[in-house]
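Working through the structure, step by step
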Amino acid sequence: MDIKQLHYLCALAEHRHFGRAAQACCVTQPTLSMRLRQLEQDLGVALVRRGKQFEGFTPEGEMVLARARVLLGQYQNLRLEVNAMKGRLTGTVRLGLVPLSCMDLSPVLARMRQQHQGVSFEMNDMTADDILAGLEQNTLDIGGGFFEPEVLSRFRSLALPEQGVVLAYGAGWGERLPSQLTPRSLTGLPLCLPKTGMYFRHYLDTRFGQAGVPLQPVLTSNSVYRLMRWVHAGLGCALVPAGSVLFSELPGVQCRPLALPAMSRLGALVMGSDGRTSLLAKGFFEVAAELWQRPESRVF
């Protein structure tokens, strides 16, 4: 058994396809398949369920996969610690962000690059559940989005203050809006909203439903950028979490707060809380925490 075999196994779990896993590992598919079969022979058990294509892992394969993720995390952290002893921190910080969290991490990325020029970043748009799974499986270093308070207790987290919901609108809409924005006052207004199934959309559906106002959007998207672009184009108004940097980047787009009860989930940055947390994750989190303490350089 060697570290490359464990890497191939984890890549197969991520891509769920032999060809794509081989491509991600920069080897041929026959090489990846052969090395995994050698691993199975060394362990004396079948790890992968094979048909005409990848069909999943055996129970033994799932157990080995979980251990492989831990070992790979420790191996990667060992390399990072050795490099840190040489006076440099290198590697890729893997981040998962909920798109509608409106989280602007550019100040953190810029500061970390100033301190460690060998560090790069990989950004992934993900659901909160996928982010938590990625942190637990060591496929992510940092997550950002909306999380239940009890979930945050399992991780090291940097909770961000509740900012509420705003109605974003473009030129010509301001004079058509009531002075006090409530769900009922928005009846009949063409709205651009998050897609059904997203936490923030569920929160809006619940709150508007309680007010007896069904939401009937003219456009839905899982991207706050696309919602704001349509607002800028004059298609309608958007309900988004407060704090989006896009307000300043789209001239003519303004926002006003909407009176709604606070969300049950909290906006937060999260990372693993156990010994598997990488030096890259710790470094990123420390920079974020430092900047968060400065009002002029807020993370969220």
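Shown above is the structure to which this text applies.
This report concerns the structure included in the present document. Keep in mind that what you see is a predicted model, and the values were worked out from it rather than measured. (Residues numbered from 1 in each chain as written. Predicted model: local features only at pLDDT ≥ 70, side-chain atom pairs only at ≥ 80, totals over all residues. Heavy atoms only, no water.)

One open sheet accounts for 5 strands, arranged 9-8-10-7-11; its pairing is mixed. Pairing within the sheet leaves two strands with one partner each, and these edge strands are strand 9 (219-221) and strand 11 (254-258). Each strand axis lies, on average, 30° off the axis of its neighbour in the sheet, ignoring direction. Across 4 bridges, the pairing between strand 7 (residues 165-169) and strand 10 (residues 237-241) is antiparallel. (Pairing = 2+ DSSP bridges. Helix = DSSP H or I, 4+ residues; strand = E, 2+ residues; numbered from the N terminus. Axes fitted to C-alpha atoms, helices over the stretch in contact; angles between N-to-C directions.)

Strand order in the open sheet formed by 5 strands is 4-3-5-12-6, and the pairing between neighbours is mixed. Only two strands of the sheet have a single partner each, and these edge strands are strand 4 (119-125) and strand 6 (156-159). Averaged over all adjacent pairs, the angle separating strand axes in this sheet is 25°, with direction ignored. Here strand 3 (residues 91-97) pairs with strand 5 (residues 142-147) via 3 bridges, running parallel. Bridge pairing in strand 5 places L97 opposite G144. Against the sheet, helix 6 (residues 128-136) makes contact with strand 3, strand 5 and strand 12 (266-271), and its axis sits at roughly 145° relative to strand 5, the strand it touches most. Here helix 11 (residues 279-292) sits on the sheet and contacts strand 3, strand 4, strand 5, strand 6 and strand 12; the angle it forms with strand 6, its principal contact strand, is near 25°. (Contact = heavy atoms within 4.5 Å.)

Moving on: the pairing of strand 2 (residues 54-57). Residues in a regular strand point their side chains to alternate faces of the sheet. Pairing of strand 1 (residues 48-50) with strand 2 involves 2 bridges; the strand directions are antiparallel. Counterpart to R50 in the pairing with strand 2 is F54. In textbook terms, the turn of a hairpin is the stretch between consecutive antiparallel strands, and for strand 1 and strand 2 this stretch comprises 3 residues.

With that out of the way, let us pick up the pattern of salt bridges. As enumerated under the stated definition, the model contains 7 salt bridges in all. For D2, the salt bridge is made with R35, and the minimal N-O distance between the two is 2.3 Å. Linking D2 in the segment before helix 1 (3-15) with R35 in helix 3 (residues 29-43), this pair joins segments that are 33 residues apart in sequence. What makes R35 buried here is its relative accessible area of 16%. (Salt bridge = Lys/Arg side-chain N within 4 Å of Asp/Glu carboxyl O. Buried < 20%, exposed > 50% of the residue type's maximum accessible area, 1.4 Å probe, protein only.)

This part takes up the pairing of strand 8 (residues 191-194). Where strand 8 meets strand 10, 2 bridges bridge the pair, whose relative direction is parallel. If you follow L191 over to strand 10, its bridge partner there is C237. In this sheet, strand 9 lies alongside strand 8 in parallel orientation, the contact comprising 3 bridges. Paired with P194 across the strands is S221, a residue of strand 9. You can see the chain leave strand 8, run along helix 8 (residues 199-210) and come back into strand 9, and the turn it takes is right-handed. (Right-handed = clockwise from strand over helix to strand, strands pointing away.)

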